[in-house]
Amino acid sequence: MKKAPPCFCFCLFLLGPLLSEAFERKEERAACAETSPLKRAFFGDLHVHTRYSFDSFISSQRNDPWDAYRYAKGEALMIPAADGEPTVRAQLRRPLDFTAVTDHAEFLGEMNICTNDEWSWGRFSPLCMMTRSGNLFLQFLAADQWQSSGVSPEGAERERVGVCDYPGSDCRASLIEFWRNIQEAAEEHYDRSPDCSFTTFVGYEYSDAPGMRNLHRNVIFRNEVVPLVPISTYETGSRNVPELWRRLRQDCLEGMPGCDVLA
């Protein structure tokens, strides 16, 4: 068994006094009936995609954020088999203690138009029609177009996919709608009672992958106080994670009372 590096042990030694300090609650909720600081392990998942993400949807996965939280809490969920039909029953052997849905910030608005908005011409764009297709070949074509348009380009400036250019296709309004849905699903499944049986976090994935090299970040908010829209690579450009941090500081830490975040 390998020994931990001395610097790691030293860091843990220094963290000990900090971890034992009183916890500062930054939200309105009942205190947990049972507490045992530093003596319990909790298990969760901080990287979950739903049908709001292009890579999940084109894999024939049609469950939404509410479904994801029900699954995390132990309920059974139907997921697609090899033929794309939702005939496989999935269920956790042990429910999780906490979960965050982290769909791609880059395409929340476009995915809303492609898969949810029946009154936009953008829904009938070639990309949207390929995304909704059950044909594996068309799904692969859609995946390539999503990737090459907003995830993997090398340039600093990125152009949104053409879905937003169609009449009636308001990508920002559609993004805000899906972002609010993510928040509502998290709130509905967060146990704020003294039982403290399940914790949710509002979050998203910042998806930068220049040249198909993943530089992704999960952005997790501490409570329900979050910015109006998630910050994506469309705002920061590629290979510019420091700009993500700067904007999180500007829009959350310093721009919204009570907002706290980590990436």
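Just so it is clear, the model here is predicted, and its values are computed rather than measured.

Enquirer: Would you mind going over the packing of aromatic side chains with me for this structure?
Expert: The geometry of an aromatic ring pair is captured by the separation of the ring centres together with the interplanar angle, meaning the angle of the planes. The final tally for this structure, using the stated rule, is 11 aromatic pairs. Seen in terms of ring centroids, Tyr-52 and Phe-178 are 3.6 Å apart; in terms of plane orientation they differ by 5°. Their pairing is stacked. Of this pair, Tyr-52 sits in the loop between strand E1 (44-48) and helix H2 (54-57) while Phe-178 sits in helix H7 (residues 171-189), placing them 126 residues apart in sequence. Here Tyr-52 matches Phe-178 in class, with each residue buried. Members of the aromatic cluster, connected to one another through ring pairs, are Phe-54, Phe-107, Trp-146 and Tyr-234.

Enquirer: Can you help me understand the confidence of the model for the protein in this one?
Expert: Regions with low pLDDT carry predicted coordinates that are not meant to be interpreted in detail. Per-residue confidence for the protein gives a mean pLDDT of 87, with 87% of residues at or over 70. Low pLDDT (under 50) marks residues 1-20, which in the prediction has 3 contacts with non-local residues, meaning those over four places away or in another chain.

Enquirer: Looking at this structure, I do not really get the layout of surface pockets. What am I missing?
Expert: Over the atoms rolls a probe the size of a water molecule, and in doing so it shows where empty space is left. Computed from the structure, the second largest pocket encloses a volume of approximately 220 Å³. Lining the second largest pocket are 16 residues; nearest its centre among them are Val-48, His-49, Ala-68, Tyr-71 and Leu-77. Mapped onto the lining of the second largest pocket, the elements with two or more residues apiece are E1, helix H3 (65-72) and strand E2 (77-79). Per element, the largest residue contribution to the lining of the second largest pocket is 3 residues, and it comes from H3. Class assignment for the residues of the lining of the second largest pocket results in 9 nonpolar, 5 polar and 2 charged.

Enquirer: I'm lost on the state of the cysteines in this one. Help?
Expert: Working definition of a disulfide: a covalent bond connecting the sulfur atoms of two cysteines. Counted under the stated rule, the structure contains 4 disulfides. Here Cys-32 is linked by a disulfide to Cys-196, with a sulfur-sulfur distance of 1.9 Å. Classification of the bridge connecting Cys-32 and Cys-196 rests on its S-S torsion, roughly -100°, and on that basis the disulfide is left-handed. Note that Cys-32 is positioned in the loop between helix H1 (6-19) and E1 and Cys-196 in the loop between H7 and strand E5 (199-206), a separation of 164 residues in sequence. Cys-32 gets classed as partly exposed once you look at its relative accessible area, which sits at 31%. Cys-196 gets classed as partly exposed once you look at its relative accessible area, which sits at 23%. Disulfide pairing places Cys-114 opposite Cys-128 at an S-S distance of 1.9 Å. In this structure, the disulfide formed by Cys-114 and Cys-128 twists by about -70° around the S-S bond and is classed as left-handed. Here Cys-128 lies in helix H5 (residues 126-132) and Cys-114 lies in helix H4 (residues 108-115), a separation of 14 residues in the sequence. Judged by relative accessible area, Cys-114 falls into the buried class, the value being 0%. When the cysteines engaged in disulfides are numbered in sequence order, the protein pairs them as 1-6, 2-3, 4-5, 7-8.

About the cut-offs
Residues numbered from 1 in each chain as written. Predicted model: local features only at pLDDT ≥ 70, side-chain atom pairs only at ≥ 80, totals over all residues. Heavy atoms only, no water. Phe/Tyr/Trp six-rings, centres within 6.5 Å; stacked < 30°, edge-to-face > 60°. Helix = DSSP H or I, 4+ residues; strand = E, 2+ residues; numbered from the N terminus. Buried < 20%, exposed > 50% of the residue type's maximum accessible area, 1.4 Å probe, protein only. pLDDT = per-residue confidence, 0-100. Contact = heavy atoms within 4.5 Å. 1 Å grid on protein atoms, 1.4 Å probe; cavity = no way out; pocket = protein on both sides within 12 Å on 5 of 7 lines; lining within 4 Å. Points joined across faces, edges and corners; volume = space filled by probe spheres on them. Nonpolar A, V, L, I, M, F, W, Y, C, P; charged D, E, K, R; others polar. Disulfide = S-S within 2.5 Å.

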